[in-house]
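# Summary of the model geometry
Below, each chain spelled out in residue letters.
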Amino acid sequence: MPVERQRNDTAPAPVSLKGGREQSEALEALVVKTLDDDKAEEIVSIDLTGKSPVTDFVVIASGRSNRHVGALADHLLQALKESGHAHAKVEGLQAADWVLIDAGDVVVHLFRPEVRSFYDLEKMWGGAPETAA
């Protein structure tokens, strides 16, 4: 499944409290792979380097139903824990319309399709995403 990525390559690398750009990119790759393996739909990764002091990447994906969104979140939280990122915070898991997972350098938004189109977070960060090979 192709992953769309938005990059801001002209901005300087931010100061990271957790281990630098390589660690952020490795965490983003883990998130994207886990979501792809679990059949998440329309996975988009947005590089916020230089745009936000809060995180380096935002990953947005859809699940087909509340149950699928919840399962995506559960599996992702388990993968994060197994890779040493047990500090991840989660919101919205009980309703599973929109689940937010904050893993520090990567923030993940998991939506049901209707909720995703309503909030349109990709548009908030501007620009058309680039499709990753």
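Here, the structure is the one placed above.
Residues numbered from 1 in each chain as written. Predicted model: local features only at pLDDT ≥ 70, side-chain atom pairs only at ≥ 80, totals over all residues. Heavy atoms only, no water.

## With respect to the side chain of S45
With respect to the element layout, S45 can be found in strand β2 (residues 41-47). The exposure class assigned to S45 is buried, which follows from its relative accessible area of 2%. A polar contact is formed between the side chain of S45 and the side chain of E28, at a distance of 2.6 Å. (Helix = DSSP H or I, 4+ residues; strand = E, 2+ residues; numbered from the N terminus. Buried < 20%, exposed > 50% of the residue type's maximum accessible area, 1.4 Å probe, protein only. Polar contact = N/O pair within 3.5 Å; in protein donor to acceptor, adjacent residues only side chain to side chain.)

## Quick look at helix α2 (residues 66-82)
For α2, built from 17 residues, the straight-helix expectation of 24 Å at 1.5 Å per residue is met to within 8% by its first-to-last C-alpha distance of 24 Å. In the core, the buried residues of α2 are packed alongside α1 (21-37), β3 (57-62), β5 (98-102) and β6 (106-111). Directly beyond the C-terminal end of α2, a positive phi value near 90 degrees is found at G84. (Expected span 1.5 Å × (residues − 1). Contact = heavy atoms within 4.5 Å.)

## Things to note about the pattern of salt bridges
All told, the structure shown has seven salt bridges when counted by the stated rule. For the salt bridge of D97 with R112, the shortest nitrogen-to-oxygen distance reads 2.5 Å. Taken together, the residues span a long stretch of sequence, with D97 in the loop between β4 (89-91) and β5 and R112 in the loop between β6 and α3 (113-119) at a distance of 15 residues. One network of salt bridges, with partners in common, ties together R21, E25 and D47. (Salt bridge = Lys/Arg side-chain N within 4 Å of Asp/Glu carboxyl O.)

## Let's talk about the packing of α1 against α2
With their axes 10 Å apart at the nearest point, α1 and α2 run at an angle of 140 degrees to one another. Classed by the angle they form, the pair α1 and α2 counts as oblique. Read as a crossing pair, α1 and α2 show a hand that is right-handed. Taking contact as the criterion, the partners of L27, L30, V31, T34 and L35 in α1 are, on α2, L72, H75, L76, A79 and L80. In terms of residue class, the contact of α1 with α2 is built from eight nonpolar, two polar and no charged. (Axes fitted to C-alpha atoms, helices over the stretch in contact; angles between N-to-C directions. Parallel < 35°, antiparallel > 145°, perpendicular 65-115°, else oblique. Left-handed = near helix turned anticlockwise from the far one by under 90°. Nonpolar A, V, L, I, M, F, W, Y, C, P; charged D, E, K, R; others polar.)

## Re the packing of aromatic side chains
If you walk through the whole model with that rule in mind, you get three aromatic pairs. Pairing W98 with Y119 gives two aromatic rings, centres 4.6 Å apart and planes at 50 degrees, and the pair type is tilted. Within this pair, whereas W98 is found in strand β5, its partner Y119 is found in helix α3, the two being separated by 21 residues in sequence. A relative accessible area of 29% places W98 in the partly exposed class. (Phe/Tyr/Trp six-rings, centres within 6.5 Å; stacked < 30°, edge-to-face > 60°.)

## Some thoughts on the nonpolar core
In this structure, V31, L35, V59, L80, I101, V108 and L110 are the most contacted members of the largest nonpolar core, which totals 22 residues. At the level of secondary structure, the elements contributing two or more residues to this core comprise α1, β3, α2, β5 and β6. For this core, the element with the most residues is α2, which contributes five residues. The contact partners of L35, leaving out residues within four places of it in the chain, are A40, I43, V59, A61, L72, L76, V108 and L110. Of all hydrophobic cores here, the second largest spans eight residues; its members include V58, F111, V115 and L121. (Core = buried A, V, L, I, M, F, W, Y, C linked by side-chain atoms within 4.5 Å.)

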